[in-house]
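Next come the chains, spelled out residue by residue.
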Amino acid sequence: MASVGQRSWTWKDLGIAVAMLAPSAFILGLFIVYPLGRAVWLGQQRCNAFGDVCTSNGFDQYYDIFISTQFQGALRATVILALITVPLGLILGVGLAVLADKHLRGVGFFRTTFSSTIATSVAVASLMWLFLLQPSVGALANIDWINSFFPKIKNPGLLQDPMTALPSVAMSSVWAGLGFTFILVTAALQSVPRELHEAAAVDGATGTMRFWKITVPLLGPTLVFVIIVLTTRAFQTFGEVDLLTNGGPRPGNSTTTITYFVYGESSVIASDPGLQAGGAVLLFVILLLLSGLQLRGLGRRASIA
């Protein structure tokens, strides 16, 4: 009898659990699972020039997209962008957070200033950098001593030169994301016990030694999270590219990232929703693998530290 009563109670709990999970499962399926499945299915379709007649090309199309010259170029630009923005954004964010983590008069002003970029949208940040770097009326491009020191800023312009266009886009991205890193690291620094630093200082440890031996290990989980977020953001960069360079300068398209290759108006696959979906799915897979590797490698080091 006890077993029968226990079984009925289990089925009752199951019904309650299903009823409580149903709304979340419906939303998850409608906005996550279905769009992802639809994109995977659409990614193996090849469409005509108008994008209204599509035929199945099989899942080999994903391989064709991946090995294509255009996708490889976009992947290369995206990786370079990430290699610039992630280390630079992390170093600047941690450095500013450490500087602002002082009990000094007026330090709140600097904390507000350093974190202010988090309230700035990508569009506004990109337009600000466009006005700074635009060759004809840009503020930086029309300062004489800067022109004499770095002529490319005026002719042809940092955003028009194939060698400097991508680093210029990276500068805009780093500036726009700096507030996010600063706030997270500052919050993590507040949890570091002051007693550890005081004890280490009594033992003769310098400020640099205390930073590397105490602060950095305790910031490990936060830094891993920040690195993953910055990497994901770098691989999803679109607004800065669209507003600053429109994927150019052409014909090299040195700033065409994967997201611009998929969604950009001037992309070579702009009229083929099948190829666009295939590129988006490949980006999802790349980010999934990259995040897993980062969690496995950096997360293990953070836990050991």
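Above this text you will find the structure in question.
What this report covers is the structure whose coordinates are included nearby. (Residues numbered from 1 in each chain as written. Predicted model: local features only at pLDDT ≥ 70, side-chain atom pairs only at ≥ 80, totals over all residues. Heavy atoms only, no water.)

## Points about the overall build of the chain
- Check the secondary structure of the chain and you find 13 helices and 2 strands.
- Across its three principal directions, the C-alpha atoms of the chain cover 85 × 65 × 30 Å.
- Per-residue burial over the chain gives 37% buried out of 305 residues.
- Sequence separation of at least 24 residues holds for 62% of the intrachain contacts in the chain that already meet a minimum separation of 6.
- Carbon together with sulfur atoms contributes 70% to the accessible area of the chain, which is approximately 17,800 Å² in total. (Helix = DSSP H or I, 4+ residues; strand = E, 2+ residues; numbered from the N terminus. Buried < 20%, exposed > 50% of the residue type's maximum accessible area, 1.4 Å probe, protein only. Contact = heavy atoms within 4.5 Å. Areas by Shrake-Rupley, 256 points an atom, 1.4 Å probe, with all protein chains shown as cover.)

## Focus: the environment of I65
- Tracing the chain through its elements places I65 in helix α2 (residues 60-67).
- The contact partners of I65, leaving out residues within four places of it in the chain, are F71, L275, G278, G279 and L282.

## As for helix α10 (residues 220-235)
- With 16 residues, α10 extends 23 Å between its outermost C-alpha atoms, agreeing within 8% with the 22 Å of an ideal straight helix rising 1.5 Å per residue.
- Every buried residue of α10 is accounted for by G220, L223, V224, V226, I227, I228, L230, T231, A234 and F235. (Expected span 1.5 Å × (residues − 1).)

## Regarding a nonpolar patch on the surface
- Together, F26, I27, L28, L30, F31, I32 and V33 line one region of the surface with nonpolar side chains, adding up to about 730 Å² of accessible area.
- You can see F26 is positioned in helix α1 (residues 2-42). (Patch = residues over 30% accessible without salt bridge, like charges linked within 9 Å, V, L, I, M, F, W, Y side chains within 5 Å. Salt bridge = Lys/Arg side-chain N within 4 Å of Asp/Glu carboxyl O.)

## Thoughts on the side chain of Q61
- Within the element layout of this structure, Q61 appears in helix α2.
- Given the relative accessible area of 0%, Q61 is considered buried.
- With near-sequence residues (within four places) excluded, Q61 lies in contact with G43, Q44, Q45, R46, G274 and L275.

## Overview of α2
- Along α2, the positions that sit buried rather than exposed are Q61, Y62 and I65. Taken end-on, α2 shows its buried residues confined to a sector of 105°, consistent with a single buried face. Of the exposed residues in α2, those oriented more than 90 degrees away from the buried face are D60 and Y63. (Arc of directions from axis to C-beta.)

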